[in-house]
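# Results of the structural survey
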Amino acid sequence: MEIKFLIIILGSMFINYFLRAVPILSHSGKKPGRFLKSFLEYIPFAAIGALLFPDVLYSTGSIWISVLGAIFAGSLILLKKNMLLVISGTIFLVYLLNLI
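Analysis parameters
Counting of residues starts from 1 at the beginning of each chain's written sequence and follows it residue by residue. Confidence filtering applies because this is a predicted model: local features only for residues at pLDDT of at least 70, side-chain atom pairs given and counted only at 80 or more, and all residues used for totals across whole chains, interfaces and linings. Only hydrogens and water are removed before side-chain values are computed, so all heavy atoms of the structure are retained for them. In this description a helix means any DSSP run of H or I spanning at least four residues, a strand means any run of E spanning at least two, and both kinds are numbered starting from the N terminus. Two N or O atoms count as a polar contact when they lie within 3.5 Å, although within protein this holds only if one can serve as hydrogen donor and the other as acceptor, and sequence-adjacent residues are included solely when both atoms are side-chain atoms. We call two residues contacting when some pair of their heavy atoms lies within 4.5 Å. How far a helix is expected to stretch is found by multiplying one less than its residue total by 1.5 Å. Each residue is placed in one exposure class: buried if its accessible area under a 1.4 Å probe, protein chains only, is under 20% of its type's maximum, exposed if it is over 50%, and partly exposed if it falls in between. By construction, the arc corresponds to the directions joining the helix axis to the C-beta atoms. Here is the rule: rings of Phe, Tyr and Trp (six-membered ring for Trp) pair when centre to centre is within 6.5 Å. Planes less than 30 degrees apart are stacked, more than 60 are edge-to-face, and the remainder are tilted. Patch rule: a residue counts if its relative accessible area is over 30% and it has no salt bridge; like charges are joined within 9 Å, and nonpolar side chains (Val, Leu, Ile, Met, Phe, Trp, Tyr) within 5 Å. A 1.4 Å probe and the Shrake-Rupley method give the accessible areas. Residues count as covered only by the protein chains that appear here. When a carboxyl oxygen of Asp or Glu is within 4 Å of a side-chain nitrogen of Lys or Arg, the pair counts as a salt bridge.

One non-glycine residue with positive phi stands out, namely lysine 80, at about 60°. As for its position among the elements, lysine 80 is in the loop between helix H3 (63-78) and helix H4 (83-99).

Now for the side chain of serine 66. Tracing the sequence through the fold places serine 66 in helix H3. At a separation of 2.8 Å, a polar atom in the side chain of serine 66 contacts the side chain of threonine 60. One polar contact links the side chain of serine 66 to the main-chain carbonyl oxygen of serine 62, over a distance of 3.3 Å. Serine 66 has contacts with Val56, Leu57, Ser59 and Thr60, leaving out every residue within four places of it along the chain.

Let us now look at H3. The first and last C-alpha atoms of H3 sit 22 Å apart over 16 residues, in line with the 22 Å expected at 1.5 Å per residue. Along H3, the residues classified as buried are Ile65, Ser66, Gly69, Ala73 and Leu76. Buried positions in H3, seen along its axis, are confined to an arc of 100° and lie on one side of it. Seen from the open side of H3, the exposed residues pointing more than 90 degrees away from its buried face are Trp64, Ile71 and Leu78.

As a further point, take the packing of aromatic side chains. The description of two aromatic rings rests on the distance between their centres and on the angle between their planes. The final tally for this structure, using the stated rule, is one aromatic pair. Relative to phenylalanine 39, the ring of phenylalanine 35 has its centre 6.3 Å away and its plane inclined at 20°; by these criteria the two rings are stacked. Here phenylalanine 35 pairs with phenylalanine 39, and both are found in helix H2 (residues 34-57), just four residues apart, close to one helical turn. Residue phenylalanine 35 is classed as exposed on the basis of its relative accessible area of 69%. Owing to a relative accessible area of 45%, phenylalanine 39 belongs among the partly exposed residues under this scheme.

Judged by side-chain polarity, Ile3, Leu6, Ile7, Leu10, Met13 and Phe14 come together as a nonpolar surface patch covering roughly 610 Å² of accessible area. Looking at the element boundaries, isoleucine 7 is found in helix H1 (residues 2-26). Isoleucine 7 gets classed as exposed once you look at its relative accessible area, which sits at 56%.

No statement about biological role is implied by the geometric values presented.
Given below as structure tokens:
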């Protein structure tokens, strides 16, 4: 059974390396276009948002309080407020809403 797991791990390693190395080797020396550069800059934010948003909705006992907290945080972010203010303000709002 152990050799089977070793083969699976080695196979995954080689496939992962292959999928990462081929684009680098095939596009070496070429510069990506403006659209591709812009698109790749937003990928980490979109991935973090997609991973965290479902947990935000179920972080409190009430989904409505969670939605209000997310809307409040989103509006502060759109107003370009300091991240410390966004986080502490949202925590305080959700805390007050849970007390009610």
